[in-house]
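Given next are the chains, with one letter for each unit.
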Amino acid sequence: MEAIEPSLPLRSQKRVRVDWSDLPVDLLQEISKKLHDVFDFVYFRAVCKKWRSAASISDLPPQLPWLVEHPVNAQGIEGENLRFYSFFSDKIRTLHCPMARGKCLIGPSHGYLYACKRWKDPTPSLFNPLTKDEVTIQIRRDLFPFLDLESIGPDPIGTDSYMAFTDARDMMGFYRPCSCEWNYVELPIDICPVPGSCLKGRYYMNDHETGDTVVMDIACSSSFVIPAPKTFDSSDRVYFVESTGNILRIVKHKDQTLSLNLSLALCTSKFSFDIYQLCAEDDICQSRWVKINSIGNQIVFLDDRNGISITARPSTGMRINSVYFLQRCSVSYYGDWVTYCEVYKYSISDGRTEKVLCPFSNGRTWLVPNLVTSVPAGHQLQKL
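Throughout, residues of each chain are indexed from 1 in the direction in which the sequence is written. pLDDT decides what is reported in this predicted model: residues at 70 or higher carry local features, side-chain atom pairs at 80 or more are listed and counted, and totals for whole chains, interfaces and linings draw on all residues regardless. Excluded from the side-chain calculation are hydrogens and water; included are all heavy atoms of the structure.

The name given to the protein in an unreviewed UniProt entry is F-box protein skip23, and the organism recorded there is Rhynchospora pubera.

Written as structure tokens, this is what we have:
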């Protein structure tokens, strides 16, 4: 780059070459901390060796989740080119992921997606779309032919993380990727275990009839019940999310109305949320839910199954203390039903819900991008 010396007269000004690699390391590090789009961070590191050394991959700034598009082609087959949309940068990214071809994708999580075939997949896997790291999960289909994933967990390859699988025979399987260990548990009571969430070594389930929370300790296979905080409506949707070390019970209410317009039927809904935080006691059986009116600088992202919570900095431009969620809608157009997905944002502070503009009509789940290669012990890293 060339710069002009300002001290000289205009006609005699000389051009002086400036080497960007001479910028101070502390300034480079300060700049890299504000790169909340992972691709901007990668481009920053590609400028030169000094910039690369000043911004280690492990120092990737906190990233906002991408919306993952359901990759179905014209033949109805899941493809291997995945598209992701960033609400922060308002950009669509396309990544080639061969391990996703012909498979369903499940999230949300930090860094990894779960990929499996629709029916009795013997080798489903966790994979990172950015690094292409893939971890295969071995399932004993001869013993558990109908074992299907219900909860991937917010950090599936973390040391204290479990993945929850359900079986048609009232059994649950909990898989710990960091140690390649399975723990099969019989359901404690006659309750549907879905949807549920694996959080901090426990599996949280909602009783659809009473609204009580059934908590299963995965390591010792014991369980206890947390009473519902208020009268529960069976139409409510309950999520369990870990946020800054706390367990949240997020209840989604829907007031549905139906409007007709000739041959087009549109379903419009008004949504609201109640959020409760788990107040743990020394005697875990005395734990209770306490309603809260704020989650501070957190943002919760929900899909059809589960949710994740992230800390948002002011520089991201995203509204904190809010819930972003996916809502499936069905439209009847001249006798044919079409299903699509919309994105909404609920403000916890004022209780308002508004639709968020999004280029995807079939968003699937959320993914927090991560560049760190981290394969659990006992797994063989596969690079494609």
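The discussion continues.
1. Quick notes on the overall build of the protein
Only DSSP runs of H or I reaching four residues or more are called helices, and only runs of E reaching two or more are called strands; each is numbered from the N terminus. When you go through the protein residue by residue, the secondary structure sums to 3 helices and 29 strands. For the protein, with 384 residues in total, the buried portion stands at 47%. Partitioning the contacts of the protein with sequence separation of at least 6, the portion at a separation of at least 24 is 49%. Accessible area of the protein: about 19300 Å², with a carbon and sulfur share of 51%. To sort residues, take the accessible area from a 1.4 Å probe on protein chains only and compare it with the maximum for the residue type: under 20% means buried, over 50% means exposed, and anything in between is partly exposed. Whether two residues touch is decided by their heavy atoms; if any such pair falls within 4.5 Å, the residues are in contact. Accessibility throughout is a Shrake-Rupley quantity obtained with a 1.4 Å probe, and a residue counts as covered only by protein chains that appear here.

2. Details of the side chain of Ser-32
Among the secondary structure elements, Ser-32 is positioned in helix H1 (residues 25-32). For Ser-32, a relative accessible area of 5% corresponds to the buried category. A distance of 2.8 Å separates a polar atom in the side chain of Ser-32 from the backbone oxygen of Gln-29. Once residues within four sequence positions are removed from consideration, Ser-32 is found in contact with Phe-41, Phe-44, Ala-55 and Pro-61. What qualifies as a polar contact is a pair of N or O atoms within 3.5 Å, subject to a donor-acceptor requirement within protein and to the restriction that residues adjacent in sequence count only when both atoms come from side chains.

3. Quick notes on helix H2 (residues 38-45)
Taken together, the buried positions of H2 are occupied by Val-38, Phe-39, Phe-41, Phe-44 and Arg-45. Next to the buried residues of H2 lie H1, helix H3 (49-54), strand S3 (66-69) and strand S5 (91-96).

4. As for the sheet that holds strand S14 (residues 181-186)
The rule for pairing is simple: two strands pair if DSSP sees at least two bridges between them. On the basis of which strands lie adjacent, the open sheet formed by 4 strands has the order S11-S12-S13-S14 and antiparallel pairing. With one partner strand each, in any of the chains shown, strand S11 (148-151) and S14 form the two edges of the open sheet. Strand-to-strand twist of the sheet, defined as the mean angle between neighbouring strand axes without regard to direction, takes the value 30°. Note that strand S13 (residues 171-176) and S14 share 6 bridges and pair antiparallel. When the sheet's bridge partners are listed, Arg-176 is paired in S14 with Glu-181. In this analysis, axes come from line fits to C-alpha atoms, helices being fitted only over the stretch in contact, and the angle between any two N-to-C directions falls in the range 0 to 180 degrees.

5. Examining the pairing of strand S26 (residues 336-347)
Pairing of S26 with strand S27 (residues 353-356) involves 4 bridges; the strand directions are antiparallel. What sits directly across from Lys-345, in S27, is Glu-354. In sequence, S26 turns back onto S27 through a hairpin of 5 residues, with Gly-351 there showing a positive phi of about 75°.

6. Some remarks on the environment of Phe-232
Looking at the element boundaries, Phe-232 is found in the loop between strand S18 (222-226) and strand S19 (237-243). On the basis of relative accessibility, which here comes to 15%, the residue Phe-232 falls in the buried class. Remark: the alpha-carbon pair of Phe-232 and Asp-207, spanning 25 residues in sequence, is separated by 9.8 Å. Beyond its immediate stretch of four places on either side in the chain, Phe-232 contacts Asn-206, Asp-207, His-208, Thr-210, Gly-211, Val-238 and Arg-249.

7. Describing the side chain of Arg-93
With respect to the helices, strands and loops of the structure, Arg-93 is situated in strand S5. A polar atom in the side chain of Arg-93 sits 3.4 Å from the side chain of Asp-37. In this view, Arg-93 contacts Asp-37, Phe-39, Tyr-43, Leu-82, Arg-83 and Phe-84; residues no more than four positions away in its chain are not counted.

8. A word on the pattern of salt bridges
Where charged atoms of side chains with opposite charge meet at close range, the side chains can pair. When a carboxyl oxygen of Asp or Glu lies within 4 Å of a side-chain nitrogen of Lys or Arg, that pair is called a salt bridge. Within the structure shown, the criterion is met by 8 salt bridges. The closest approach of N and O atoms between Arg-93 and Asp-37, which form a salt bridge, is 3.4 Å. Of this pair, Arg-93 sits in strand S5 while Asp-37 sits in the loop between H1 and H2, placing them 56 residues apart in sequence. Each of the two residues, Arg-93 as well as Asp-37, counts as buried. Between Asp-274 and Lys-291 there is a salt bridge whose closest N-O contact spans 3.2 Å. Residue Asp-274 is found in strand S21 (residues 264-279), and its partner Lys-291 is found in strand S22 (residues 288-292); the two are separated by 17 residues along the sequence. Its relative accessible area of 11% is what places Asp-274 among the buried residues. The class of Lys-291 is partly exposed, set by a relative accessible area of 47%.

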